[in-house]
Structure formats: structure tokens, C-alpha cells
Amino acid sequence: MTLKAQTHALSVSDLNRQARSLLESSFMMIQVQGEISNFVRPSSGHWYFTLKDDRAQVRCALFRNRSQFLKYRPRDGDQVMVRAKVSLYEGRGEFQLICDYMEESGVGQLQQAFEALKQRLAAEGLFDQASKQPLPAHPRHLGVITSPTGAAIHDILSVLKRRFPSLPVTLYPSAVQGAEAAPAIVRALQQAQRHDQCDVIILGRGGGSLEDLWPFNEESVARAIHACSIPVVSAVGHETDISISDFVADLRAPTPSAAAELLTPDQRELQLRLDQARRRLQARLGQQLQQHQERLIALQRRLRHPGERLRERAQRLDELELRLRKAALRLLSDKRNRLERQQARLVQIRPERQLAQLRQHLAALRQQLERQMAYQLHDKRLRSAALAGQLNAVSPLATLERGYAIVQDSRGQVIDDASLLEIDDLIETRLARGRVHSRVTATLMSDENA
């Protein structure tokens, strides 16, 4: 049977174009996971690769306008997840995926685990600024926890060699990638604390994918950093990489090199400051030395030789001795003259003649005293007799001598009124010579005018 040409037959181009349109309209944006193979990146910047699993494969393309924004750089054998739309490459009739995003397989789950652990540790206070230790201004001994074969230790040592080569460095080797990395980092931190040599530690490694950096997001590492008694600087990955260790550490550095820069002073700057301080010190010492020299010269001018001072003292002593001798002779002469004058006066006075004169004066005073006493005694007697006469004139006793009497009751009261007495009252009558006791037998009141 012979086939005849039909007017409605499709060209290959039309077929591929319709197949492409059908595929693109039938599928929404999808996510596909698989292993990369045959990865090609030409100079145009587009990425071409095959995504496969153990039973099938599909061609993929990720164009430059999308690939330039991705941090991840894929390699053959990587497990990745792509976001893509289904299409067909019309030129070869090949089924393919046009990708607009790619990440390592499992990054989504790791990111969720990262955020969950971050929130839990933040709630416990492991990220609080108050719990962070201050870094030493000038470290005396630097500890580094990283891989001994990685780029991080070489970068750190290069910075130290340039900035401060005299700083001692102790490397605590540790795996920084893989399942054994987190326990190794914890052991290294504990070992550094036991050694007690370092006053600051750099914990870090070079850049990598999220899976490569995952040991620094482990909870055990975060708690070991928080419990470390030595300040820890986290320097993990590149500047844009963030890990849990960065939040827990006492300081985060963008890179291991930046950590070394932050912790060490610039040797040239220190040398410059030291030179400036030396020049200021020398200038200050020069000024002080000049001031001391000027003062020494002034003191030397004031200072005199001891021999000269001794000669002056000796001369002064001789002058004082001469003055003392003259003063003593003058005093002795004055005393001698005074003694002679006193002796002359004593001779003139003659005490026995003066004594005789005093005796005569005493006898005269005695006679005068006796006369005066006799005169005063006679005068006193005369005055006493006159006073006695006057007293006798007014004395009751004189009245009694004239025949009058004084009557008193039993209480000694003078009775001058008969009405004051009663019958049988005892009375005493005082006479000029003697007393009479009587008893009242009768009272008689008389008229005063009779």
C-alpha cells in the first residue's frame, strides 16, 4: 500500500512548537529534585545541566538573568532542588526544564531547623549582650579552632604575620565539615579551657554551602561557646554567611581574616605610636634634665666650701670669746666697786651706835605709851562712873531702894493691875533685898483719881 501525501501534514517545527505550547500550558511552575550531571557554564553565563535520579533524567537550563543572583555554585554530583517550568527545546525536539531558582537539596529543611534553634536559644538568653565577655584590648595569646589544612588558618596567620607577628598562636585542630565536626569543635573548646593559655579564641572556617557550615549551627556547639570561659570570636564563612555560632559568640567577624584584623593591633601603627611616645618622653626628659642642671648650678653657686665655713665659724667663735672675756671683766669690776661702796657705807653706819639710838627711842616710846595708857584708863573710869550714875537713875533696882516692889505672877509676868489676879493666885514680890511669895486672898480696885 502506498501512502499518499496529505495537505494537512505538520512540519517538524510546527510539531515541536505545538508540543512546547502544550507542555508549557499544561504544567504550572513546579519543583523538581535530583542529581546534577553534565553541568556546563559557557561564557554567556547561562547554566546547562542534566537532572537525574536512578531511573530517569531531564535536560535543564538556568539563564544568566537568574543564575547571577544565586550564591550557590553547583557541581556535578550535587543533590539540588530547582523551581522550573516545563518546556521543549524546539531546535532538537528535546524535552527540558527552564529553571529560575536552584538550591541544594534539603536547604529548606535546614533553614527551618536553623530558625527553630535560633528562636529557642534566643528565648533562653544565649544571645543576650549581657552574657557576652569583653575582648582583650591587646591579646597575649591567641587560640584558633579550625581545620589545620583549610584556608582559614592560613588567612589568619597571614594577617598576624603582617600586623603583629610576635603574638603567640595555638591551633586546636578540628573538623569543620561533616557529621564529626560538631563534637570535634566542642572538644577543641574544652581543650582550650583546660590549657588556660589563650585569652581569646577564633572559631571559624572558610565559605561553603549551608550544609558545609551546618556544624556551626549545631546546638551542642552553641552551648559550648556560651559556656566557654574564654572570649570567642566567630568567623564562619564569608561576610554574607550567618550561623548560630555568630549569635552566641562574644563577637562575630565577617571572615577569619577579619577576625585576626579585629583582635590584633597594627604593628606599624604601634611602632609609630611608640616612636611618638619616645620622642615626647625624650623631649620631656630633656626639659627636666635642663631644669635640674640649672637648679644644680644655682645650688653650686650658693654652696660654699666647708673649710671656708669652718674658718668663718672659728673667727666668729674668737670674737664671741673676746666679747665674753670683756663682759666678764667689766662685770667683775662693777661688782668690786659696788662691794667697796657697800663696805664704806657699812663703816659709816656703825651698828652699835645705831643700836643705842634705837634703844633710847624704844625707851621714850615706852614712857609715852605708859602715859597714854594711864590717861586713857583714867578717862574711861570717869566715863564709866558717869554712865553708872545715869544707869542707876533709871534702874528698877534704884526704885526698889526707895521702898517700891515688883509683883510677878507664877509665869513671871509683871502685875500692874489687880484685876489681873484671882483669889488663891500665887504671886512673887521683889523687894530691894529679897523676894516674897504670897497667895491672893482678896483684890481691891482703887480709883486712880483718889
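For the structure itself, consult the block above.
Read on for a plain summary of the structure. (Residues numbered from 1 in each chain as written. Predicted model: local features only at pLDDT ≥ 70, side-chain atom pairs only at ≥ 80, totals over all residues. Heavy atoms only, no water.)

1. Quick word on the packing of helix 4 (residues 151-163) against helix 8 (residues 256-263)
No. 1: At a closest axis distance of 8 Å, the pairing of helix 4 and helix 8 adopts a crossing angle of 30°. Relative to helix 8, the element helix 4 lies roughly parallel. In the packing of helix 4 onto helix 8, the handedness of the crossing is right-handed. In contact with Ala152, Asp155, Ile156, Val159, Leu160, Arg162 and Arg163 of helix 4, helix 8 contributes Pro256, Ser257, Ala260 and Glu261. (Axes fitted to C-alpha atoms, helices over the stretch in contact; angles between N-to-C directions. Helix = DSSP H or I, 4+ residues; strand = E, 2+ residues; numbered from the N terminus. Parallel < 35°, antiparallel > 145°, perpendicular 65-115°, else oblique. Left-handed = near helix turned anticlockwise from the far one by under 90°. Contact = heavy atoms within 4.5 Å.)

2. Notes on the side chain of aspartate 78
No. 1: Locating aspartate 78 in the fold gives a position in the loop between helix 2 (64-67) and strand 4 (79-89).
No. 2: For the buried residue aspartate 78, which engages in no salt bridge, the nearest side chain bearing the opposite charge is arginine 75, 4.1 Å off.
No. 3: Separated by 2.9 Å, the side chain of aspartate 78 and the backbone nitrogen of arginine 75 make a polar contact.
No. 4: Sequence-distant contacts of aspartate 78, defined by excluding residues within four places in its chain, comprise Gly34, Glu35, Ile36, Tyr72 and Arg73. (Buried < 20%, exposed > 50% of the residue type's maximum accessible area, 1.4 Å probe, protein only. Lys, Arg positive; Asp, Glu negative; His and termini not counted. Salt bridge = Lys/Arg side-chain N within 4 Å of Asp/Glu carboxyl O. Polar contact = N/O pair within 3.5 Å; in protein donor to acceptor, adjacent residues only side chain to side chain.)

3. Observations concerning the pattern of salt bridges
No. 1: All chains considered together, the criterion is met by 16 salt bridges.
No. 2: When the shortest N-O distance is used, the salt bridge between arginine 120 and glutamate 219 registers 3.0 Å. One end of the pair, arginine 120, is in helix 3 (residues 107-124); the other, glutamate 219, is in helix 6 (residues 219-227), and 99 residues separate them in sequence.
No. 3: We classify arginine 120 as partly exposed; its relative accessible area is 39%.
No. 4: The partly exposed category is assigned to glutamate 219, whose relative accessible area is 27%.
No. 5: Note that arginine 411 is salt-bridged to aspartate 409, the shortest N-O span being 3.5 Å.
No. 6: By relative accessible area, which is 66% here, arginine 411 ends up exposed.
No. 7: Exposure remark for aspartate 409: the relative accessible area of 13% places this residue in the buried category.
No. 8: Salt bridges sharing partners connect three or more residues here, namely Arg120, Glu124, Glu219 and Arg223.

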